[in-house]
Amino acid sequence: MSAPTTPGPAVADLLGLVAFGELLAFERMAGDARLAPDLHRRAALSQMAAAEIGNYRRLADRLTALGVPPEEAMTPYVRPLQAYHDSTEPRDWAEVVTKAYVGDAITDDFIREIADALDEPDRALVLDVLHDSRYAEFAVAEIRVAVAADPRVAGRLSMWARRLVGEALSQAGHVAAERAALTALIARGDRVDVPGLFSRLTDAHTARMAVAGLNN
């Protein structure tokens, strides 16, 4: 693979962020699978977890090829990402799939915004490891099943989704403020438009909530 022309620290920072996110996603999904109401759903979430660890391996291999130890690239993100997951621990299956749908999607949106500034092949790699539509479709279907079984669940999941987004945006703000290389990628110019970025993230979240039949 050819090295990117984007400044090295920016590439390493973003790959490290995504790699640690994939590693945490694997750990979370593997654990959350125990909350599944049946073996079919448990297997489905476990298969998604397996895909996450595969994505982590691809990112770790790319970091190694760039001469950056994966552990070194991931370390700055341990605190904010772990804080997000520790503060948003699901209590049941409905909250598990809502977190998968809402929390992971807004994180993907954040990464996608930054990845657009990368050169190939790193841009393609980062975009390729983000969750595909099948992931969202599974979560939406499960949310709708939960709401159909008990319409009162919609209110609880809507509140849960708002909490997820608030926590995600808070931690994203910390990451953007603390990592100068990532901030430069977000800026793509002379001025950092963090409010504009967060506005786009919020708009995308609002559309997703409507798809799932939840209130924003």
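Only a predicted model underlies this, so the values are computations on that prediction, with no experimental measurement involved.

Visitor: Sorry if this is basic, but what is going on with the overall build of the protein chain here?
Guide: When you go through the protein chain residue by residue, the secondary structure sums to 10 helices and zero strands. Over its C-alpha atoms the protein chain spans a radius of gyration of 17 Å, differing by no more than 12% from the 17 Å that the globule rule assigns to 216 residues. Considering only C-alpha atoms, the protein chain reaches an extent of 50 × 35 × 25 Å along its principal axes. Evaluated residue by residue, the protein chain yields a buried proportion of 50% over its 216 residues. Nonlocal contacts in the protein chain, meaning residues at least 24 apart in sequence, comprise 81% of its contacts between residues at least 6 apart.

Visitor: Looking at this model, I keep getting lost on the packing of helix H1 (residues 8-32) against helix H4 (residues 78-87). Mind explaining?
Guide: At a minimum axis separation of 10 Å, H1 and H4 run at an interaxial angle of 30°. It follows from the interaxial angle that H1 and H4 lie roughly parallel. As H1 packs across H4, the resulting crossing turns out to be right-handed. Two secondary-structure elements touch here, H1 through Leu17, Phe20, Gly21, Leu24 and Arg28 and H4 through Val78, Leu81, Gln82 and His85.

Visitor: Is there a simple way to think about helix H6 (residues 122-129) in this case?
Guide: Residues three or four positions apart in an α-helix share a direction because the helix packs 3.6 residues into each turn. All buried positions along H6 are accounted for by Asp122, Leu125, Val126 and Val129. The buried residues of H6 occupy one face: seen down the axis, they fall within an arc of 95°.

Visitor: Can you help me understand the pattern of salt bridges in this one?
Guide: Side chains that differ in sign of charge can pair as their charged atoms come close. The tally for this structure, following the rule as stated, stands at 16 salt bridges. A salt bridge links aspartate 109 to arginine 208; the nearest nitrogen and oxygen atoms lie 2.8 Å apart. Highlighted residues: aspartate 109 in helix H5 (residues 93-115) and arginine 208 in helix H10 (residues 194-212), separated in sequence by 99 residues. You'll find aspartate 109 and arginine 208 in the same group, each marked buried. Of the charged contacts, one joins glutamate 120 and arginine 123 as a salt bridge, the two residues approaching to 3.7 Å between their closest N and O atoms. What you see here is one network of salt bridges that share partners, running through Arg91, Asp92, Glu95 and Arg156.

Visitor: How should I be thinking about the packing of aromatic side chains in this particular structure?
Guide: In this description, a pair of aromatic rings is defined by centroid distance and the angle of the planes. The tally for this structure, following the rule as stated, stands at one aromatic pair. For the ring pair tryptophan 93 and phenylalanine 138, a centre distance of 6.4 Å and an interplane angle of 80° mean the geometry is edge-to-face. With tryptophan 93 in helix H5 and phenylalanine 138 in helix H7 (residues 133-149), the pair connects residues that are 45 residues apart, well separated along the chain. Phenylalanine 138 shares its class with tryptophan 93; the two are buried.

Visitor: What is the right way to read the packing of H1 against helix H2 (residues 39-65) from this model?
Guide: Axes are the key here: two packed helices are described by the angle between their axes and the distance separating the axes. Running from N to C, H1 and H2 cross one another at 155°; their axes reach a closest spacing of 8 Å. For the element pair H1 / H2, the angle class is roughly antiparallel. Relative to H2, H1 is oriented so that their crossing is left-handed. Where H1 abuts H2, its residues Ala12, Leu15, Gly16, Val18, Ala19, Glu22, Leu23, Ala25, Phe26, Met29, Ala30 and Asp32 lie against Leu45, Met48, Ala49, Glu52, Ile53, Asn55, Tyr56, Leu59, Arg62 and Leu63. Its residues assigned to classes, the contact of H1 with H2 shows 16 nonpolar, two polar and four charged.

Visitor: Hey, could you run me through the environment of alanine 43 in this one?
Guide: Of note, alanine 43 is situated in helix H2. It is 39 Å that separates the C-alpha atoms of alanine 43 and glycine 8, two residues lying 35 residues apart in sequence.

Parameters and conventions
Residues numbered from 1 in each chain as written. Predicted model: local features only at pLDDT ≥ 70, side-chain atom pairs only at ≥ 80, totals over all residues. Heavy atoms only, no water. Helix = DSSP H or I, 4+ residues; strand = E, 2+ residues; numbered from the N terminus. Rg over C-alpha atoms; globule rule 2.2 N^0.38 Å. Buried < 20%, exposed > 50% of the residue type's maximum accessible area, 1.4 Å probe, protein only. Contact = heavy atoms within 4.5 Å. Axes fitted to C-alpha atoms, helices over the stretch in contact; angles between N-to-C directions. Parallel < 35°, antiparallel > 145°, perpendicular 65-115°, else oblique. Left-handed = near helix turned anticlockwise from the far one by under 90°. Arc of directions from axis to C-beta. Salt bridge = Lys/Arg side-chain N within 4 Å of Asp/Glu carboxyl O. Phe/Tyr/Trp six-rings, centres within 6.5 Å; stacked < 30°, edge-to-face > 60°. Nonpolar A, V, L, I, M, F, W, Y, C, P; charged D, E, K, R; others polar.

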